[in-house]
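Summary of structural features
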Amino acid sequence: MSSAIARTAIRGRFLDFQNSVTQAQELPEQVRYIEDALLICEHGKIQWFGTWQAGQSQLTADTPIQHYPEHLIVPGLIDTHVHFPQTEMMGAYGEQLLEWLNSYTFPTELQFSDQAYANQIAQFFVQELLKNGTTTALVFCTVHPESVDALFEAAQQQQMRLIAGKVMMDRHAPEALCDTAESAYADSKTLIEKWHGKGRNLYAITPRFAPTSSPEQLARAGQLKAEYPDVYLHTHLSENPNEIAWVKQLFPEQQGYLDVYHHYGLTGSRSVFAHCVHLEENEWQCLHQTDSAIAFCPTSNLFLGSGLFPLQRTWEHQVKVGIGTDVGAGTSFNILHTLSEAYKVQQLQGNKLSAYEALYHATLGAAKALDLDDKLGNFTVGKEADFVVLDLHATALQSLRQQRAKNLEDALFALITLADDRNIHATYIYGRRAYYNPESNPKPNTEAHPTTGT
Ligand code: GUN
Ligand code: ZN
């Protein structure tokens, strides 16, 4: 594992949200934009943040400074729902959820019993996250414990804060992809002991979704959650109408889809439910009362024809929400692009998603959804130094549009609308530059000494 550089400083234009909010309208007050700012990282954490002018006295002669005068620096982007083994099957044609799982997903995931294969895809996946400015993700592996080892090892090499877990699945899937209630419990327990809290890794108990777990297996998942309360719970909920009807048929004694999870003790402040496109009123209330979170995955919901997620209801019901790519049903690793699709999903419902709200759902709001807002999400001193250096002029078209930006919010909205991985100039993990885009312009200006700064 590479260690965090002891002390380093970054100078440039910084944008974040100072505090979390309970209503979208409060966000503009929390925007913190510093045209010429200084961020000092020490041992992976933010040691000082403020204006360049005020910060110069904090610098010692031997602190290296990276100066990005032309870029925009934002907190590391957070992907609250993604499947690393599905990286290779993005763009699988023609099916909605249940058929898509059987036709494409299960055959792909079968390959991950092979440790070498799992390692190879895990390495590729982590590089793809970095290339897209994603510094933290909540990740599905496969049913194979090997897939979890592969991913955590790849994340650990980069010192990334990653949350992941072994899929629990004991029915309605190919036999070779099924565990049992007992083996899922035992394997998950072993993986929790091995990985949870090791470095920056965190574990998520991961029943795939209610249809692929027997009641006995869900009870075992609940037992694990009770034994390890600070471990996460990560699953899918109310994504597709046929899926919901199937759950009601399989669990007739429960009041609805979410009630299945709630009954087995799987709701709570570290529980994240992907999709939630078709929730009923009492389910919104249950998510609120249990402090559970939602991962909103617009590219996936559009690609699989699942439906339009009603984002405004998260504010109405005070339910935590973060943005998710849901690769491989999702069609991009890029969180900025995903936000652009989120905007369109809201447009189709007559709602406006502002650029600030969009960025919030990918940074501080997502950190809150993952119960990590004490560690991630903005540039507060003491938090972990994960951030992204954005190039707003990655293409001629973007440059043309940016030159006409009316203000910061318009510039951010234009960035989100036109974004792809070319906008990621550099990605910093725990104070260290883990990714740099050599194609991107202009080149960073490394200053030998603070007093030589322009
Ligand atoms: N529901 C159960 N499994 C999956 C999956 O792999 N992807 C999506 N999008 N939904 C699911
Ligand atoms: Zn998913």
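Residues numbered from 1 in each chain as written. Chains lettered and ligands numbered in written order. Predicted model: local features only at pLDDT ≥ 70, side-chain atom pairs only at ≥ 80, totals over all residues. Heavy atoms only, no water.

1. Concerning the coordination of the zinc ion (ligand 2)
Convention followed: Donor atoms (N, O, S) are those found within 2.8 Å of the metal centre, with the cutoff raised to 3.2 Å for Na, K and Ca; water is not part of the atom list, so apparent gaps in a site can occur. Square planar and octahedral assignments, for four and six donors respectively, both demand that opposite donors be over 155 degrees apart and that all other angles lie between 65 and 115; tetrahedral needs four donors with all angles between 85 and 135 degrees, and anything else is irregular. To sort residues, take the accessible area from a 1.4 Å probe on protein chains only and compare it with the maximum for the residue type: under 20% means buried, over 50% means exposed, and anything in between is partly exposed.
Protein coordination of the zinc ion (ligand 2) is provided by H81 (NE2), H83 (NE2), H236 (NE2) and D326 (OD), with donor distances spanning 2.0 to 2.2 Å. Here the zinc ion (ligand 2) binds four donor atoms, and the angle range of 87 to 168° at the metal identifies the geometry as irregular. Donor residues for the zinc ion (ligand 2), ordered by position in the chain, follow H-x1-H-x152-H-x89-D. When its relative accessible area of 0% is taken as the criterion, H81 is described as buried.

2. A few points about the site of ligand 1
Our working rule: Any residue with a non-hydrogen atom lying within 4 Å of a molecule or strand is treated as near it. N or O atoms within 3.5 Å of each other form a polar contact, as long as, within protein, one can give a hydrogen and the other can take it, and as long as residues adjacent in sequence are counted only when both atoms are side-chain atoms. Every accessible area reported is derived by Shrake-Rupley at a probe size of 1.4 Å, with residue values counting cover from the shown protein chains alone. Helix and strand assignments come from DSSP, with helices taken as H or I runs of at least 4 residues and strands as E runs of at least 2, each series counted from the N terminus. Residue polarity is assigned by list, with Asp, Glu, Lys and Arg as charged and Ala, Val, Leu, Ile, Met, Phe, Trp, Tyr, Cys and Pro as nonpolar; anything else, Gly included, falls into the polar class.
Neighbouring residues of ligand 1: H83, Q86, L97, W100, L101, R208, F209, H236, E239, H275, D326 and A329. At 2.9 Å, a side-chain N or O of Q86 approaches an oxygen atom of ligand 1. Here a nitrogen atom of ligand 1 sits 2.7 Å away from a polar atom, N or O, in the side chain of D326. Expressed as a share of its isolated accessible area of 280 Å², the protein-covered part of ligand 1 is 100%. Among the elements that line the shell around ligand 1, the one with the most residues is helix α3 (residues 97–109), at three residues. For the shell around ligand 1, the per-class residue count stands at five nonpolar, four polar and three charged.

3. Some details on the pairing of strand β11 (residues 271–275)
Rule in force here: The pairing criterion is simple: DSSP has to find at least two bridges between the two strands.
Along β11, five of the five residues are buried, which leaves the element largely enclosed by surrounding structure. Strand direction decides the pairing type here: strand β10 (residues 232–237) and β11, joined by five bridges, are parallel. From the neighbouring strand, L237 faces β11, where its bridge partner is H275. Note: β11 against strand β12 (residues 293–296), three bridges, orientation parallel.

4. Quick notes on helix α5 (residues 145–158)
Where we set the bar: Each residue after the first adds 1.5 Å to the expected span of a helix.
Relative to the 20 Å expected for 14 residues at 1.5 Å per residue, α5 spans 21 Å between its end C-alpha atoms, a close match to the ideal helical length. Among the 14 residues in α5, ten count as buried, and that is most of the element. Listed as buried for α5 are S147, V148, D149, A150, L151, F152, A154, A155, Q156 and Q158. Taken from the residues just after α5, Q159 is the one with a positive phi, measuring 60°.

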